[in-house]
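Report on the structure
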Amino acid sequence: MENQEKNEPGAEELKEFKGKNLEEAIGHAEHKLKILRSEFNYEIVTEKTKLFGLSKEIVIRVWPKIEAEENAVADFLQKLLRVFPLDLSYQVKKKNDFVFVVFDGEDKQILLWKDGELLLALQHILNKVSNQKVQVDCEFFRKRKEKRLREYAQDVAREVCDTGRNEILDLMNPYERRIVHIAVNQVPGITSESLGDGFLKRVKIFPIGKQGK
Amino acid sequence: MKELVEMIAKALVDQPEKVVVSVLEGEQTTILELKVAPEDLGKVIGKQGRTARAMRILLGAAGMKLKRRYNLEIIEKG
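This is a predicted model, so every value here is computed, not measured.

What follows covers the sheet that holds strand β1 (residues 20-25) of chain B. Pairing between the strands of a sheet comes from backbone hydrogen bonds, and it takes one of two forms, parallel or antiparallel. All names here are of chain B. Strand order in this open sheet of 3 strands is β1-β2-β3, and the pairing throughout is mixed. Edge positions in the open sheet fall to β1 and β3 (69-74), since each of these has one partner strand only. The mean angle between the axes of side-by-side strands here comes to 20°, regardless of whether they run parallel or antiparallel. Across 6 bridges, the pairing between β1 and strand β2 (residues 29-35) is antiparallel.

The structure is reproduced here in structure tokens:
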């Protein structure tokens, strides 16, 4: 339908597909374009309900995910490291929806200072500039951190088990809380929940059935 | 460091042509003033200041290596 020539780059690659629901529209797109749904982006153009809700029509606009996505990350890093005085190298890999960046190089230790402060700052910026889920790592920082956190959470859980008293942990981000919840739930009779709202929350660890305050 | 702030800010905003970084050299500290289009202010600051904080961490690490202090100031009006 909308086939007017636009001057935007890649405009000719934009295609629209219809379906009774999103699934069907995506299916059509996959079939026509002969690419998998993981290889294109889409947005919903219109969604209407016809005939008193008996049938629906949805139109999506589809465009291929060009390599540009992981390149956006690699390009940015290349430009960044040209003006950033640390001696770092990196590898970019794409897996499922994530772009993974692993850092190496002479100054990699600086990335890990203060509990990976710089590493996580870079991750935040990469996420913002690329509109992608980017996860960074260096020297198995992530694995070590997860292990430490898991062990800590289980230690606290065992303590709660012994004393029967609730414990509340320090503020943590969603990624850290997830690790804590999983670790705590492996200790029989103990469970956990997040308290508060916002990006950072505390995790409460308590015996099952004794909600308490 | 001017290039660093400029480069990151330009990648974050919608109007990169409006990104201006000015440098004030002090004795031990360099102040980097970042100006962006008013609509882009939120992009360089981020939710709860996370993006601004991340940029400051990058500058801090760079400063550590170069043995100099860098302060990032985001100018809200001008």
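Now that the structure has been shown, we can carry on.
Here we take up the layout of surface pockets. In this model, the largest pocket occupies a volume close to 1100 Å³. In terms of lining residues, the largest pocket is bounded by 32 residues, among which A:Leu120, A:Gln123, A:Asn173, A:Phe199 and B:Arg50 are the most central. Within the residue set of the lining of the largest pocket, elements represented by two or more residues are α3 (108-130), β6 (133-138), α4 (141-163) and α5 (174-185) of chain A together with α3 (50-66) of chain B. At 9 residues, α3(A) tops the list of elements feeding residues into the lining of the largest pocket. Among the residues making up the lining of the largest pocket, the classes are represented as 13 nonpolar, 8 polar and 11 charged.

Contact residues are listed per partner, giving 19 residues for chain A and 20 residues for chain B. Note on chain A versus chain B: buried area summed over both sides is about 1800 Å², and carbon and sulfur give 81% of it. At the boundary of chain A and chain B, one finds 1 salt bridge. Ionic pairing is found between A:Asp107 and B:Lys65, a salt bridge with its closest N-O pair at 2.6 Å. A total of 10 residues in the side of chain A that touches chain B trace back to one element, the largest contributor, which is α3(A). Of the residues in the side of chain A that touches chain B, the class split is 14 nonpolar, 1 polar and 4 charged.

What follows deals with a positive patch on the surface. Together, A:Lys128, B:Lys47, B:Arg50 and B:Arg53 make up a positively charged patch on the protein surface. Locating B:Arg53 in the fold gives a position in helix α3. Look at B:Arg53 and you get exposed, because its relative accessible area is 51%.

Residues and elements named next belong to chain A. The strand order across the open sheet formed by 3 strands is β4-β5-β6, and the pairing between neighbours is mixed. Single-partner strands in this sheet number two, and they are β4 (89-95) and β6. Across the sheet, the mean angle from the axis of one strand to that of its neighbour is 20°, orientation sign disregarded. Of the strand pairs in this sheet, β4 and strand β5 (residues 98-104) are connected by 7 bridges, and their pairing is antiparallel. Counterpart to Tyr-90 in the pairing with β5 is Phe-103. Across the sheet, α3 is in contact with β5 and β6; its angle to β6 comes to roughly 160°.

Further remarks concern helix α1 (residues 22-33) of chain A. Residues and elements named next belong to chain A. When the terminal C-alpha atoms of α1 are compared, their 16 Å separation across 12 residues agrees well with the 16 Å that a helix rising 1.5 Å per residue should span. Every buried residue belonging to α1 is among Ala-25, Ile-26 and Ala-29, and all of these are buried. Projection of α1 onto a plane perpendicular to its axis shows the buried side chains occupying an angular sector of 100°, all on one side. Each element contacted by the buried residues of α1 is listed here: β1 (15-19), β2 (40-50) and β3 (55-64). For α1, the N-terminal capping position is held by Asn-21, with its side-chain oxygen 3.2 Å away from the main-chain nitrogen of Glu-23.

Residue and element names in this part refer to chain B. Within the secondary structure, Glu-6 is located in helix α1 (residues 2-12). Residue class for Glu-6 comes out partly exposed when judged on its relative accessible area of 22%. When the C-alpha positions of Glu-6 and Leu-34 are compared, they lie 8.0 Å apart, and in sequence the two are 28 residues distant. Not counting residues up to four positions away in its chain, the partners in contact with Glu-6 are Val-19 and Val-21.

Turning to α5(A), a few remarks are in order. Residues and elements named next belong to chain A. Taking 1.5 Å of rise per residue, the 12 residues of α5 would be expected to cover 16 Å, and the 16 Å separating its terminal C-alpha atoms lies within 8% of that figure. Within the sequence span of α5, burial applies to Glu-176, Arg-177, Ile-179, Val-180, Ala-183 and Val-184. End-on view of α5: buried residues confined to an arc of 160°, all on one side of the axis. Contact partners of the buried residues in α5: α4, β8 (190-195) and β9 (202-207). By the N-cap criterion, in which a side-chain oxygen at the helix start approaches the backbone nitrogen of a residue two or three places on, α5 is capped by Asn-173, the distance to Tyr-175 being 3.1 Å.

Let us now look at the pattern of salt bridges. All names here are of chain A. Counting across every chain of the model gives 14 salt bridges over all chains. One salt bridge in this structure joins Lys-145 and Glu-176, with 3.0 Å as the shortest N-O distance. Of the two residues, Lys-145 is situated in helix α4 and Glu-176 in helix α5; the sequence distance between them amounts to 31 residues. Overlapping salt bridges, with partners in common, bring together Glu-16, Glu-43 and Arg-61 in one network.

The rules behind these values
- Residues numbered from 1 in each chain as written.
- Chains lettered and ligands numbered in written order.
- Predicted model: local features only at pLDDT ≥ 70, side-chain atom pairs only at ≥ 80, totals over all residues.
- Heavy atoms only, no water.
- Pairing = 2+ DSSP bridges.
- Helix = DSSP H or I, 4+ residues; strand = E, 2+ residues; numbered from the N terminus.
- Axes fitted to C-alpha atoms, helices over the stretch in contact; angles between N-to-C directions.
- 1 Å grid on protein atoms, 1.4 Å probe; cavity = no way out; pocket = protein on both sides within 12 Å on 5 of 7 lines; lining within 4 Å.
- Points joined across faces, edges and corners; volume = space filled by probe spheres on them.
- Nonpolar A, V, L, I, M, F, W, Y, C, P; charged D, E, K, R; others polar.
- Contact = heavy atoms within 4.5 Å.
- Buried area = accessible area lost by both parts, 1.4 Å probe.
- Salt bridge = Lys/Arg side-chain N within 4 Å of Asp/Glu carboxyl O.
- Patch = residues over 30% accessible without salt bridge, like charges linked within 9 Å, V, L, I, M, F, W, Y side chains within 5 Å.
- Areas by Shrake-Rupley, 256 points an atom, 1.4 Å probe, with all protein chains shown as cover.
- Lys, Arg positive; Asp, Glu negative; His and termini not counted.
- Charge placed at Lys NZ, Arg CZ, Asp CG, Glu CD.
- Buried < 20%, exposed > 50% of the residue type's maximum accessible area, 1.4 Å probe, protein only.
- Expected span 1.5 Å × (residues − 1).
- Arc of directions from axis to C-beta.
- Polar contact = N/O pair within 3.5 Å; in protein donor to acceptor, adjacent residues only side chain to side chain.

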